[in-house]
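Listed here are the chains, written in short residue letters.
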Amino acid sequence: MAKKSLSAQHFLECDNCEENPSKFLCKTCPGHLCEHCKNDHEKKKMTRNHEIVSLSSNNEEMLDMLYCSNHAKKKLECYCNRCGEPVCTECIIQSHNGHSVESLSTVYKCITDYAKEQKGIINTVLLPKFIKLLSHETAKESALTSRAEGIKKKIETYTQTLVEMIIAISAQTVEDLSKKEKEGLREIQHTKINLVEQINELQVMSEAISEDIEAQPNISFFKLVERNDLERFETTLPNIEYSLSDFQPGIIRKAIQENFGIRPILKRSRHINYADVEGTDKTAQRKYTADEMKRRERELELEIKEKYRGDMQRRHPGTYSMQKQTTSSVPYYGMKKKLRK
């Protein structure tokens, strides 16, 4: 029978009825059984003596149900340390002859112990560490948003001040224009008054001359030329043209862009918080380069692992020291590297 996945055992269907979820395993057949088929299995004469275990049993009991992928009828019995894989007796003879092997149950226990150790590190060290880091990042997020909002209000206030200043400059410029206009109009009005006076005087002189011509001549008639001196009218007031130069906008856009103010930049600084690690000199806190960061992170990881192992050994001195000794006595370095990935 093809090898079944133990990691998905709770999702397997019954191999007999292929309908209900399996809850038992017949180690003799082998095959997965539901509650109903398990009862039938125990009643039938051919299968009543088969060894049936619950799928909720210790996984180590299921090891003898693993079959070799190269030799379908052979059970996996050993683990090849050199090749890093479970093997059957045929595999040992054919392709693993002379290799160092261990019993599958021994390796399973070592891997289980190692996995439990890794789980302990995750639950007691790494998860709290990353939860704390996440909390710090949330606080940073809030602080950064608050800081950005404060700067935004400052920029808006500054912009409003500039707008008000520009509006004031605009009003002053319009006022200056009005003054120039009034000045020009006043001068034109003065010229017009002078011209009207001269026109009126010339009209009076014209009427007087007409009367002198039509009247009987007398002695005063001969002084007409002296009386009517027109030379002073030959010189008129200067002819002044009035105009206003057009408004020329200043090159202020570029000036404002360049001198509006120093724009905020996002600053990033990387540092290690040594307060998270016991026994670390807090006076040594400083910023690190990328290479120093990586090196220090590796050192911290080793310190954390050693701290965890020390705690575990103090809590369970007999058990943990024995597990550690068993694990270290078996060459599973390659397998552990795979597990870390």
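Further up the page is the structure itself.
Residues numbered from 1 in each chain as written. Predicted model: local features only at pLDDT ≥ 70, side-chain atom pairs only at ≥ 80, totals over all residues. Heavy atoms only, no water.

**Student:** Explain the sheet that holds strand β1 (residues 24–26) to me, and be specific about the residues and the numbers.
**Tutor:** Strands sit in the order β2-β1-β3 across an open sheet of 3 strands; the sheet is antiparallel. Strands at the two margins of the open sheet, each flanked by one partner only, are β2 (31–33) and β3 (52–54). Recorded for the sheet is a direction-independent mean angle of 30 degrees between the axes of neighbouring strands. Pairing between β1 and β3: 3 bridges, direction antiparallel. Bridge pairing in β3 places Leu 25 opposite Val 53. Each of β1, β2 and β3 is contacted by helix α1 (residues 35–43), which is oriented at about 115 degrees to β2, the strand it contacts most. (Pairing = 2+ DSSP bridges. Helix = DSSP H or I, 4+ residues; strand = E, 2+ residues; numbered from the N terminus. Axes fitted to C-alpha atoms, helices over the stretch in contact; angles between N-to-C directions. Contact = heavy atoms within 4.5 Å.)

**Student:** Pulling in residues and values, what's your account of a nonpolar patch on the surface?
**Tutor:** Together, Met 165, Ile 166, Ile 169, Ile 252 and Ile 256 give the surface a local cluster of nonpolar side chains, amounting to about 430 Å² of exposed area. Looking at the nonpolar patch, the elements with two or more residues in it are α3 (104–214) and α6 (252–259). A total of 3 residues in the nonpolar patch trace back to one element, the largest contributor, which is α3. Positionally, Ile 169 belongs in helix α3. A relative accessible area of 49% places Ile 169 in the partly exposed class. (Patch = residues over 30% accessible without salt bridge, like charges linked within 9 Å, V, L, I, M, F, W, Y side chains within 5 Å. Areas by Shrake-Rupley, 256 points an atom, 1.4 Å probe, with all protein chains shown as cover. Salt bridge = Lys/Arg side-chain N within 4 Å of Asp/Glu carboxyl O. Buried < 20%, exposed > 50% of the residue type's maximum accessible area, 1.4 Å probe, protein only.)

**Student:** Can you break down the pattern of salt bridges residue by residue, with the values?
**Tutor:** Overall, the coordinates contain 4 salt bridges when judged by the stated rule. Residue Glu 137 is joined to Lys 140 by a salt bridge in which the shortest nitrogen-to-oxygen separation is 2.8 Å. Taken together, the residues span about one helical turn, with Glu 137 and Lys 140 both in helix α3 at a distance of 3 residues. Put simply, Glu 258 and Lys 254 hold a salt bridge, and the shortest N to O gap is 4.0 Å. Of this pair, Glu 258 and Lys 254 both sit in helix α6, 4 residues apart, which is roughly one turn of the helix. Judged on exposure class, the residue Glu 258 and its partner Lys 254 are both exposed.

**Student:** I'd like to hear about the sheet that holds strand β4 (residues 78–80), residue by residue, with values.
**Tutor:** Here 3 strands make up an open sheet; going across it, the order is β5-β4-β6 and the pairing antiparallel. The strands lining the two open edges of the sheet, one partner per strand, are β5 (85–87) and β6 (101–103). If you compare each strand with its neighbour and ignore which way they point, the axes differ by 35 degrees on average. With 3 bridges connecting them, β4 and β5 associate as antiparallel partners. In the sheet register, Tyr 79 faces β5, and the bridge partner there is Pro 86. Relative to β6, α3 is tilted by about 85 degrees, and along the sheet it contacts β4, β5 and β6.

Nothing here speaks to function; it is all geometry.
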